[in-house]
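Architecture and fold: a report
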Amino acid sequence: MSNTDVNKKKSGKKLVLIIILSTLAFLVVAGVIIGHSIKKATKNIGTQVDVVTPTTTDLSSSISTSGVVSSAEVTSYSTSVAAAVSEINIKPGQVVKKGDTILTFDTSTLETNYEQASLTASSTYTGNQVTVEASNKVSTDLTTAQNNVTTLKNKLATAEADLKKLQASYTTTPVVDENAVALETKRQELTVLLTEIQALIDANPGVDISQNTDYISKTAKRDVLTTEITNLEALVGSTTSTTNPLDAAITAKANDVATLKADLATQESLVKSAQAGILTETQKKQLNITNELSSLQVTSAATALEKGKAGIVAEQNGIITSVDITKGSTTAPGMQLFTIANANDLKVTVSLSKHDLESVALGQKATITILGKEYEGEVTYISKMATTSAAGAISVAAEVTITNPDDAIVLGLDSKVIITTATVKDALVIPSLAINTDKEGSFVYLVKDNIITKQYVTTGISDIDNTEILKGLSKDDMIITDVSASTIEGTIVTPTTIEPTTEAVSTKDDTEKEDSTKEDNTTEASSKEDKTTEK
């Protein structure tokens, strides 16, 4: 073989190698292009769907309702004064300051009442003092009469003893004149009877006792004795008899005994009369009570006059909510005159549904909108009794206290209230509209490798736009937001990532509750009792 043949053979091999290498290079480039095209084509297979990925943010849940602004402290003013109103310068809705004079009285009647009470008390005290002094004097007379009774009893005992001695020494049998003895006996009986009649008269000074049974009996007996004595005196005067020398002494001593008995009866009658005229401890106590009552009446009249002159002033800053008295009318103790609401202690009374009660609790914060201005609030009262409206809706009243009130708030206006029921920091959230439910629970549709898959999740709190995901998703998952009847698990789709909505449109149940709760949100009584002030 020649060198020329050898060179031709080598050149042919190089050409083949070049062709092979060129072909391989072409195939590689073509494969890349074709693969890229296939990949691009695959990526655009199926319906396009909007997807979002979970985000981390602070999330708060809330409920929206409405209510009427009112004061949590309404003071009812009354008075203990009974007088005509001379001036009253208030009307409902008027703002008053502490110390403002609200009402003045015509005090002319009060001044007259005070003067009358003072005079009555003075008269009562003087009369009672006279009674006490008379009782003290009678007490002295009683002591004197009791001493006289003791003395007379001693004298009578002595006289009766002397009379017995004289009668015992009477030894000579005298010529007895029975008429004379009878006369002496009758005279003694008459003496005793006259003493008893006089004692009866003395025991009833200034009283007509002519109809007194005892008096009639004694005077009748007196008349009989007088007649008998007159007859006996006539008989004795016509009879001459011989008497014993002791007869005169015995007669004299018998007269002494009769006189002492009469005097003793008189003094004993005086003792009884004096005892009846002395005040007992109970009677003295009653007089003291009468004096104290009169003094209290003077004090009461003086206090009423003082209050009447002072009139009635506002004890706090506030707003007049009612006026129940007019100029010229007369007040009475306990009568309500007007009411003042504390403008610094305001609340909104709202109605909560059964669903709301599951999340609302005391102490939760709230945002209150009145006349376009927002205020801060706090749930301070939740009723333990539900009510039913005319439409049959069941609700429970609650109160939200406005914690930063100002002078722009008008009582009685409607207000919008948003109560924050829960807050979570750094919550994993997705749009609420992406969440679906079935009998097994809540779920979302994910896009994995361009295929729709169903993923069950555990949810937490939510606001209007977003819901917290506690379990079932990661930050990289793509969640379908525009779920429809064509969203079926296993379908091939093309995902389009969108930004999640963060701006709240409205609060839960806002539209639904706006109209239904206005009627019922003012019916529940306040958790703070109204105060009553008496002037």
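Below or above, wherever it landed, is the structure these notes cover. Quick caveat, the model's predicted, so the values are computed rather than measured.

On to the sheet that holds strand S7 (residues 312-313), then. With antiparallel pairing, three strands are arranged side by side in an open sheet as S4-S6-S7. Looking at the sheet topology across the chains shown, the edges are occupied by strand S4 (84-88) and S7. Note: S4 against strand S6 (residues 101-106), four bridges, orientation antiparallel. Across the sheet, valine 85 pairs through a bridge with phenylalanine 105, a residue of S6.

Okay, the packing of helix H2 (residues 108-168) against helix H5 (residues 246-277) next. Packing of H2 against H5 leaves a shortest axis separation of 8 Å and a crossing angle of 160°. On the basis of their axis angle, the class for H2 and H5 is roughly antiparallel. Note on packing geometry: the crossing formed by H2 with H5 is left-handed. Its residues assigned to classes, the contact of H2 with H5 shows 19 nonpolar, seven polar and eight charged.

Looking now at the pairing of strand S14 (residues 414-431). Direction of pairing for strand S2 (residues 55-71) relative to S14: antiparallel, over a ladder of 13 bridges. Considered in S14, the bridge of serine 66 is made with lysine 416. Relative to S14, strand S11 (residues 365-370) is paired through four bridges, and the arrangement is antiparallel. Bridging across to S14, alanine 366 finds its partner in isoleucine 419. Across three bridges, S14 lies against strand S19 (residues 466-471) in antiparallel orientation. Looking at the pairing, valine 429 lines up with glutamate 468 of S19.

So, on to the pattern of salt bridges. Counted by the stated rule, this structure contains 15 salt bridges. In this structure, the salt-bridge partner of lysine 186 is glutamate 228, at a minimum N-O distance of 3.0 Å. Placement of lysine 186 in helix H3 (residues 178-203) and of glutamate 228 in helix H4 (residues 213-237) is noted, with a sequence separation of 42 residues between them. Overall, the relative accessible area of 23% leaves lysine 186 in the partly exposed class.

The geometry of H3 relative to H5 is characterised by a closest axis approach of 9 Å and an angle of 15° between their N-to-C directions. Overall, the two elements H3 and H5 adopt an arrangement that is roughly parallel. Taken as a pair, H3 and H5 cross one another with a handedness that is right-handed. For the pair H3 and H5, the contacting residues are Glu184, Gln188, Thr191, Thr195, Ala199 and Ala203 in the first and Thr251, Ala254, Asn255, Ala258, Ala262, Asp263, Ala265, Thr266 and Ser269 in the second. Of the residues assigned to the contact of H3 with H5, the class counts are six nonpolar, seven polar and two charged.

On to helix H6 (residues 281-310), then. An ideal rise of 1.5 Å per residue puts 44 Å on 30 residues; H6 measures up with 43 Å between its terminal C-alpha atoms. For H6, the set of buried residues is Leu287, Ser294, Val298, Ala301, Ala304, Leu305 and Gly308. Residues of H6 that are buried sit in contact with S6 and H2. Looking one or two residues beyond H6, the residue adopting positive phi is glycine 311, at roughly 70°.

Further remarks concern the layout of surface pockets. As a volume, the second largest pocket reaches approximately 320 Å³. For the second largest pocket, the lining is made up of 15 residues, of which Val95, Ile319, Ala343, Asp406 and Asp407 are closest to its centre. Taken together, the residues of the lining of the second largest pocket break down into eight nonpolar, four polar and three charged.

For a regular strand, side-chain orientation follows a simple rule: the groups alternate between the two sheet faces. Across the seven residues of strand S10 (residues 346-352), seven count as buried, placing the element largely inside the fold. The alternating pattern of S10 places Leu346, Val348, Val350 and Leu352 and Lys347, Thr349 and Ser351 on opposite faces, both of which are buried. Inspection of the sheet shows S2 paired to S10 by five bridges, in the antiparallel sense. Each residue of the ladder has a partner; that of serine 70, found in S10, is lysine 347. Inspection of the sheet shows S10 paired to strand S13 (residues 394-402) by six bridges, in the antiparallel sense.

Rules of the game
- Residues numbered from 1 in each chain as written.
- Predicted model: local features only at pLDDT ≥ 70, side-chain atom pairs only at ≥ 80, totals over all residues.
- Heavy atoms only, no water.
- Pairing = 2+ DSSP bridges.
- Helix = DSSP H or I, 4+ residues; strand = E, 2+ residues; numbered from the N terminus.
- Axes fitted to C-alpha atoms, helices over the stretch in contact; angles between N-to-C directions.
- Parallel < 35°, antiparallel > 145°, perpendicular 65-115°, else oblique.
- Left-handed = near helix turned anticlockwise from the far one by under 90°.
- Nonpolar A, V, L, I, M, F, W, Y, C, P; charged D, E, K, R; others polar.
- Salt bridge = Lys/Arg side-chain N within 4 Å of Asp/Glu carboxyl O.
- Buried < 20%, exposed > 50% of the residue type's maximum accessible area, 1.4 Å probe, protein only.
- Contact = heavy atoms within 4.5 Å.
- Expected span 1.5 Å × (residues − 1).
- 1 Å grid on protein atoms, 1.4 Å probe; cavity = no way out; pocket = protein on both sides within 12 Å on 5 of 7 lines; lining within 4 Å.
- Points joined across faces, edges and corners; volume = space filled by probe spheres on them.

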